Amino acid sequence: MAQMEYDMALENVASSDTLYRMGAARQKIASISQADLLTLKLDVVNAQNSFRNAEISLKRSMFSFVSFLNMEKETKVILELPDRPQEMYISPDVALQYARQNNPNFMGFNQEILEAEREVDRTRKSSNFEASLSASVGFNQVADNFSDAFKKPLQQDIITIGLTIPLVDWGVRKGRANMARNNLNVAKISVRQKELSLEQDVIVTVNDFNIQQNLISSAEEALELATMAYHVTKERFIIGKADLNSLTLSLSRQNTAQRNYISTLRDYWLSYYKLRKLTLFDFLGQEVLTEQFDRIEGIRM
């Protein structure tokens, strides 16, 4: 996005400078007024300021990008701006299917239920009758040193047997079992809400992605029309058949159309990669991202 803003600001500087030089030439022959020439000069100054701001924003974005990839600070990155994407319709049902299969959050939801069910089973078993039996055997011997104490024990064997039986726990185990069952119900409700929220996020993202394709077509057409109108108005201005207001208005419309196209293109790719994140599936390559990663890393061919 910062690169597109930079390129657009640079183009705007060139256009404004060209118009100012043409205006200066026409002002010499009294074709336009001094006020119109000052307006063109103001457009040049504003375009230069916008270009400087875009340049600063690009440098900051580039620094963040290089730092995120753990590269050297002096690394120069040449960006290739994306072209108009190919038309591709994604079914919400298909996206949900891939999300359920690949998204680790769904696996985490199942784990929460299994852990709660395990706790219920543990407390249920612990609430049953329990008894513990222990036994110990010992031998006696007396000696002057430690090693001789283990030789030829005396005929005094000791055997101890103990039996422990709980009689009353005042309902503690039963309370733990009830609490575990309540926690299981709460976990099921919470997991279901999380699943619905994640499924809704997938559906909304798919719908946004499909709509963005139509918006890109409209934004591209609007940009072409605005560019053609600007060039026609500029030619008319050069030969003195269009006034300054018409020229600046057509230039403003072209800039607005460029920004709208860039914004729409950005929203398209954001929706697409968010959908890839939610489903872990590459819809262009028709491949699961985990398999793609393993192939790139040489883990599995």
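Whatever comes next refers back to the structure up there.
Overview of the structure.

About the cut-offs
- Residues numbered from 1 in each chain as written.
- Predicted model: local features only at pLDDT ≥ 70, side-chain atom pairs only at ≥ 80, totals over all residues.
- Heavy atoms only, no water.
- Phe/Tyr/Trp six-rings, centres within 6.5 Å; stacked < 30°, edge-to-face > 60°.
- Helix = DSSP H or I, 4+ residues; strand = E, 2+ residues; numbered from the N terminus.
- Buried < 20%, exposed > 50% of the residue type's maximum accessible area, 1.4 Å probe, protein only.
- Lys NZ or Arg CZ within 6 Å of the ring centre and 35° of its normal.
- Polar contact = N/O pair within 3.5 Å; in protein donor to acceptor, adjacent residues only side chain to side chain.
- Contact = heavy atoms within 4.5 Å.

Take the packing of aromatic side chains next. Overall, the coordinates contain ten aromatic pairs when judged by the stated rule. Relative to Y272, the ring of F209 lies with its centre 5.7 Å away and its plane at 35°, an arrangement referred to as tilted. With a gap of 63 residues between them, F209 in helix 5 (residues 172-238) and Y272 in helix 6 (residues 244-279) connect regions that are remote in the sequence. For the pair formed by F209 and Y272, the shared burial category is buried. Feature note: the residues F209, Y268, W269, Y272 and Y273 constitute an aromatic cluster, connected by ring pairs. Cation over ring: K41 sits above Y20, and NZ or CZ is 5.1 Å from the ring centre.

The subject of this paragraph is the side chain of N210. The topology assignment puts N210 in helix 5. Polar side-chain contacts of N210 include one of 3.1 Å to the backbone oxygen of I90. Aside from chain neighbours lying at most four places away, what touches N210 is M88, Y89 and I90.

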